[in-house]
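Secondary and tertiary structure notes
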Amino acid sequence: MSSRRKVLLKVIILGDSGNQYKATIGADFLTKEVMVDDRLVTMQIWDTAGQERFQSLGVAFYRGADCCVLVFDVTMPNTFKTLDSWRDEFLIQASPRDPENFPFVVIGNKIDLDNRATVAKNALAQESEADNYNEFPTAITLNKQENTNSKGGCSC
Amino acid sequence: MSSKAFDLVSTLERSILLADIRGKHALPSANPVDIVCFDCCTKNLFIGTTNGFIIHYIIDERKTAERVIFKSHLQGKKAVAKKPLQLVKYVPTADQVIILVDGTICVFDTTRFDLSPSHERFKNVQTFCVNENKEGGSPFGQQVCIASRKRHIQLYNITAEKWIHIRDIGLPELPRIVSMDSSTVCVALQTKYVCVNVETSKLTELFAYDNEADTPFVKRVAPGEFFLGGPSDLGIFATVSGVSQRPPIQLKSGTFSLAFSSPYIVSLNSEFVVVYNALNQQQKQALQFQRGVSLQEQSDRVFVASAQDIYALVPVPWQKQVDGLLLEHKVEEALKLAEVSYRNSGLSQSQFNEINNVILQKAGFIEFSLYNFDEAGQYLKTGGVDLREVISLFPGLLSVDSQFTRSRPPLHDFADVNQITKGNLEKSEDCTAWLVRFLESVRCKMSEKKDVHTALMKLYAEKRPSDLLRLLQSGYQGHHSDTVDTLQTFGRFHALAVYYQQARELDKSFTIWSRLVNKEIEDESFDPLGLSYFSDVLCKTTDATLLLNYAPVVLEKDPVIGAQMFTKRFDSGIQDKRLNPESTIEFLTRFPEALTYYLEHLVLSANQQVESFHSHLAMVYLDNLFSAKQLNNKVLIESLRKKLQSFLRQSDKYSVSLILGRVERDDWLLPEAAILHGKAGNDSAALEILVNELKDYKGAESFCVNQSANKTTTIERQRLFETLLHLYLSKSKDNERMRVYVIDLLNNPKAVFNAAKVAELIPDDWSIALLSKFMLNSVRSSLHDGRQARIASQLAYWDYFLANKDYLSLRSTTISLTDNKRCESCHQLFKESAFVRQADGRVVHISCAKT
């Protein structure tokens, strides 16, 4: 049955979390099954550890990824600025077949703390207007998610 | 700590090993002999020791009901080196054991049980591995990969006869550990892991590790997948293409040997054997294990060697694991485990559901034994438990002839609930209360209905009689004799009667109710219902015989309620020969009060115009009156008389002669006789009684007024009043006071007299003054009548005149009937000359005029 055919979709989540509330050890991992055009797609979501001692693992974790989600903290402008380096890091380590067209999704997290987000908003506006994000060849989803946390914010 | 996944079972004991090495009578040596490495394949176990021995055992495995026992049989031992053996690998296809000792590989021929002299020795070897996945390779050979102490690995294909060198592959660093799967060798280099494709010699870098802080290991876990030691004791899965497809597992520090037994990763460090679940990355089990050497998986079990002895980690049957989890209340985990185990064993969904349900049921019983009633109920319900399984925990609740036997294998170990409560009354009450709630909340299957209903009935009968009736009245299917016995034992007679009623055994149920009514037996639940309930039930029964049999019980207790049974039946229009009004009246004769009520209902409320009913009622009234008279109860007599008189006056249907015959026998019933005479039209007789016997002048007057309303002509009315006048006058001769009555009568505006006749009747000696008012009224009314008559006559004449005029004018006009003239009623042509002209001028056929 075609509808039962399982498709695995590996999604990597990258980015600095503003306030470190819990450091990821190795990788946090969750799966979510979604129906896409009659096919059951199992999304395998890897939230990898950003700490230096686990940096070497990136290559194994990133490889075979179908999508990369870059997450920043809307209350911390710096987390947005470092997305560039995360993207580069990903492309180097995962070395996807077609790096020019690899799908990235950018998510602004913690929008529920919007009252503190003015600085980030300005930064975001400047960055996206001015420079390199316009050069992104892939479609950028500036997913200013209505949902208040990143769990619901994933979309590819 | 979750329940166990493995049991640790001794496979080769230290004492046996030592005895085998040194011979039976050898003295304890100063140098301890320890195990350094081992390999096992099917039943063969090869051990390498510190003193350079290789020892071969056959391991026999025996399964008892409880556990697995291993027995080792020494096959041979041989000193092959002076130094400790580093690694032994048995290659069954080539009957060889490959031994690594002091950086040299030598080949041990198992058939000759000695080192094979024909094979060259390989020097400068770091380590080696055997291809663990031969897919695609030669079926006769076995590939071996040797990691040399230089920067390359060497690949050989080995058979019993020879080792064939295939190729060398260069590496960027010195190899430390190798593991081979099909055409890929995964190598732990000095600082990183790489995958080498032996066919293309292509290197895929996996990831780097810290060679000072981390202990590297490479463990093949599945076709094309390895488990590698990463930074901070993180175990990382990687496929041959370098992709990590499973989340990493946090291991204990210093882990150096691994084994995989789906879905568990078993790890060994210097102190522990730790089991992880690869599905949720959680630690499943940890066993203290000192001086561990290495792990080897063999079919579904894992062997673990310490320096001293060898154990097997025997997987605990998943059912047992599930049971263990259930005991720890980890129902979710138990279900998941069952799911994994069953998916692996390839069972169908329906079979799996069955297993799932059994687990839920077991969980339910365990929760129940811990008094976690909510959980218990939920699990048992979701698991679709056979309700009888639950009921059977409570002794004596199943129906006496229940065919139920508990399921095999058992879902729990409890004989009954007493074993759980250990005689604690309060707890046992709680359990019973839960059972009631549980049974009430679950829809039972057909097969269970009998036992469930019986059980509920027993529970209700004992504790909650209030719910008993609801149960019995809503499709109750419990065991018959059990039900009867229980209800009798607990004195639930009313419920028993209801049960019989539901079972269509009306006779039995009525007997019980009549005994309850007569207080022969007691049941508090019946008391508030009492007689009216019983009468209602009787009233609704369709069986007339039963009604007549049991009605006397009610009638004796309360005639009105008793009579109402019959009146209600009459009103509801149930047709039944045996209970038509005539036979009912006959039946009720024994119960006068009820009969009165019934007849009154028929005659007065239901307005039945049947002579016999009316006569009968009158007779009954009379009977009642007579009996009251005998008792000399004046108040009663008064009220009964009023009733009788009003009935006699109002009803026209009774047989006057019959009643009169009865009434005339007694003088004190003269007023009634008067009414009856009046009814019979015998006005003078009635008036005579009223005036002469009763001297009830007012009554007489009103009698006349009433009677005159029934008369059609004035002459008759006059005659009636004249009769009364006559009676008065005949009495007034010797009684002056009668004159007053005479004058009153004459002056009564409702009285009708012919003045001329009255004038004749009035004695001559009466003064005009007395009669003046009457005379005046008479003259006035005569004048009035005369004038009225004249007006009427004139009006009639005028009518006549007008009619005559119309007649004349009509006669003077002509109507022409032509051929094409049509009837104004049927619109057909006139065929003959005869026609009708109607009052409104329409000309129609004669036939049409008739219709």
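The structure presented is a predicted model; accordingly, all values stated were derived computationally and were not measured.

**Examining the overall build of chain B**
If you tally the helices and strands in chain B, you get 29 helices and 30 strands. Residues classed as buried in chain B amount to 49% of the 851 residues present. Working note: accessible area of chain B is about 43,200 Å², and carbon and sulfur atoms make up 50% of it.

**Some thoughts on the overall build of chain A**
Within chain A, the regular secondary structure consists of 5 helices and 6 strands. The linear arrangement of helices and strands in chain A, starting from the amino end, is β-β-β-α-β-α-α-β-α-α-β. Looking at chain A residue by residue over its 156 residues, the buried ones come to 42%. Partitioning the contacts of chain A with sequence separation of at least 6, the portion at a separation of at least 24 is 74%. A total accessible area of about 8,700 Å² is found for chain A, and carbon and sulfur atoms account for 49% of it.

**Overview of the pairing of strand β13 (residues 163-170) of chain B**
Along any regular strand, the residues point their side chains to alternate faces of the sheet. Residue and element names in this part refer to chain B. Pairing analysis gives 7 bridges linking strand β12 (residues 152-158) to β13, with the strands arranged antiparallel. Residue pairing across strands places L155 opposite R167, the latter belonging to β13. Hairpin connection from β12 to β13: 4 residues lie between these consecutive antiparallel strands.

**Considering helix α13 (residues 506-517) of chain B**
All names here are of chain B. A rise of 1.5 Å per residue sets the reference length of α13, with its 12 residues, at 16 Å; its end C-alpha atoms lie 16 Å apart and thus fit the reference within 8%. Buried residues of α13: L506, S509, F510, I512, W513, S514, L516 and V517, and no others. At its buried positions, α13 is contacted by α12 (493-502), α14 (530-540) and α15 (544-557). Directly beyond the C-terminal end of α13, a positive phi value near 65° is found at K519.

**Observations concerning the interface of chain B and chain A**
Note: interface size is frequently given as the accessible area lost on complex formation between the parts. In this assembly, 18 residues from chain B lie in contact with 16 residues from chain A. For the pair chain B and chain A, the summed buried surface comes to about 1,300 Å²; carbon and sulfur atoms form 65% of the total. At the surface where chain B touches chain A, the tally comes to 0 salt bridges. On the surface where chain B and chain A come into contact, there are 6 residue pairs in polar contact (both at pLDDT 80 or more). For the side of chain B that touches chain A, the secondary structure elements donating two or more residues are β17 (203-208) and β20 (234-239) of chain B. The element that contributes the greatest number of residues to the side of chain B that touches chain A is β17 of chain B, accounting for 5 residues. Here the residues of the side of chain B that touches chain A are counted per class, giving 9 nonpolar, 7 polar and 2 charged.

**A short note on the sheet that holds strand β26 (residues 292-298) of chain B**
Residue and element names in this part refer to chain B. Taken in spatial order, the 4 strands line up as β1-β28-β27-β26 in an open sheet, and their pairing is antiparallel. Sheet topology places β1 (6-12) and β26 at the edges, where each strand pairs with a single neighbour. Mean inter-strand twist for the sheet, computed between neighbouring axes without regard to direction, equals 25°. Pairing analysis gives 6 bridges linking β1 to strand β28 (residues 310-315), with the strands arranged antiparallel. Counterpart to S10 in the pairing with β28 is Y311.

**Focus on the layout of surface pockets**
As a volume, the largest pocket reaches approximately 1,500 Å³. Looking at the lining of the largest pocket, the elements that each hand over two or more residues are β2 (35-41), β6 (85-91), β10 (125-130), β14 (177-181), β18 (218-222), β22 (257-261) and β26 of chain B.

**What to know about the nonpolar core**
Counting 137 residues, the largest nonpolar core has F368, L439, W513 and F566 of chain B as its most contacted members. Among residues more than four places away in sequence, those in contact with L439 of chain B are L387, I391, V452, A455, L456 and L459 of chain B. In this structure, V59 and F102 of chain A together with F207 and V218 of chain B belong to the second largest nonpolar core, which totals 36 residues.

**Observations concerning the sheet that holds strand β4 (residues 53-63) of chain B**
Sheet strands pair via backbone hydrogen bonds, and the direction of the pair is either parallel or antiparallel. All names here are of chain B. Spatially, β2-β3-β4-β5 is the arrangement adopted by the 4 strands of the open sheet, whose pairing is antiparallel. Of all strands in the sheet, those bounded by a partner on one side alone are β2 and β5 (68-79). If you compare each strand with its neighbour and ignore which way they point, the axes differ by 25° on average. Direction of pairing for β4 relative to β5: antiparallel, over a ladder of 11 bridges. Residue F53 lies in a different strand from β5, and its bridge partner there is A79.

**Quick notes on the state of the cysteines**
Residue and element names in this part refer to chain B. Summed over the entire model, instances satisfying the criterion amount to 0 disulfides over all chains. Among the cysteines around C848, which has no disulfide bond, C826 carries the closest sulfur, lying 3.5 Å off. Taking the relative accessible area as the measure of exposure, C848 reaches 14% and is therefore buried.

**Regarding the environment of Y57 of chain B**
Residues and elements named next belong to chain B. Within the secondary structure layout, Y57 lies in strand β4. Judged by relative accessible area, Y57 falls into the buried class, the value being 0%. C-alpha of Y57 to C-alpha of L45: the two residues are 12 residues apart in sequence and 5.0 Å apart in space. Discounting residues that sit within four places of it in the chain, Y57 has contacts with L12, I16, L17, D20, K43, N44, L45, I47, S72, H73, L74 and Q75. In terms of polar contacts, Y57 uses its side chain to reach the side chain of D20, at 2.5 Å.

**Some points on the packing of aromatic side chains**
One pass over the structure, following the stated rule, counts 34 aromatic pairs over all chains. Ring centres of F70 of chain B and F303 of chain B lie 6.1 Å apart, and the angle between their planes is 65°; on these two criteria the pair is classed as edge-to-face. Placement of F70 of chain B in strand β5 and of F303 of chain B in strand β27 (residues 301-306) is noted, with a sequence separation of 233 residues between them. Ring geometry for F587 of chain B and F591 of chain B: centres 6.3 Å apart, planes at 50°, overall tilted. For F591 of chain B, a relative accessible area of 9% corresponds to the buried category. Each member of the aromatic cluster is reached from another via a ring pair, and the members are F368, Y371, F373, F394, W434 and F438 of chain B. Positioned over the ring face of W46 of chain A is K10 of chain A, at 4.8 Å from the centre of the ring. Positioned above the aromatic ring of Y371 of chain B is the side chain of K427 of chain B, whose terminal nitrogen or guanidinium carbon lies 4.6 Å from the ring centre.

**Description of helix α19 (residues 611-631) of chain B**
In an α-helix, one turn spans 3.6 residues, which is why side chains three or four residues apart end up on the same side. All names here are of chain B. With 21 residues, α19 ought to run about 30 Å at 1.5 Å a step, and its terminal C-alpha atoms sit 30 Å apart, in line with that. For α19, every residue scored as buried is listed here: F613, H614, S615, L617, A618, V620, Y621, L622, N624, L625, F626 and A628. If you follow the buried residues of α19, they end up packed against α17 (581-588), α18 (592-605), α20 (634-650) and α21 (656-663). Immediately downstream of α19, the backbone of N632 shows phi near 60°, a positive value.

Cut-offs used in this document
- Residues numbered from 1 in each chain as written.
- Chains lettered and ligands numbered in written order.
- Predicted model: local features only at pLDDT ≥ 70, side-chain atom pairs only at ≥ 80, totals over all residues.
- Heavy atoms only, no water.
- Helix = DSSP H or I, 4+ residues; strand = E, 2+ residues; numbered from the N terminus.
- Buried < 20%, exposed > 50% of the residue type's maximum accessible area, 1.4 Å probe, protein only.
- Areas by Shrake-Rupley, 256 points an atom, 1.4 Å probe, with all protein chains shown as cover.
- Contact = heavy atoms within 4.5 Å.
- Pairing = 2+ DSSP bridges.
- Expected span 1.5 Å × (residues − 1).
- Buried area = accessible area lost by both parts, 1.4 Å probe.
- Salt bridge = Lys/Arg side-chain N within 4 Å of Asp/Glu carboxyl O.
- Polar contact = N/O pair within 3.5 Å; in protein donor to acceptor, adjacent residues only side chain to side chain.
- Nonpolar A, V, L, I, M, F, W, Y, C, P; charged D, E, K, R; others polar.
- Axes fitted to C-alpha atoms, helices over the stretch in contact; angles between N-to-C directions.
- 1 Å grid on protein atoms, 1.4 Å probe; cavity = no way out; pocket = protein on both sides within 12 Å on 5 of 7 lines; lining within 4 Å.
- Points joined across faces, edges and corners; volume = space filled by probe spheres on them.
- Core = buried A, V, L, I, M, F, W, Y, C linked by side-chain atoms within 4.5 Å.
- Disulfide = S-S within 2.5 Å.
- Phe/Tyr/Trp six-rings, centres within 6.5 Å; stacked < 30°, edge-to-face > 60°.
- Lys NZ or Arg CZ within 6 Å of the ring centre and 35° of its normal.

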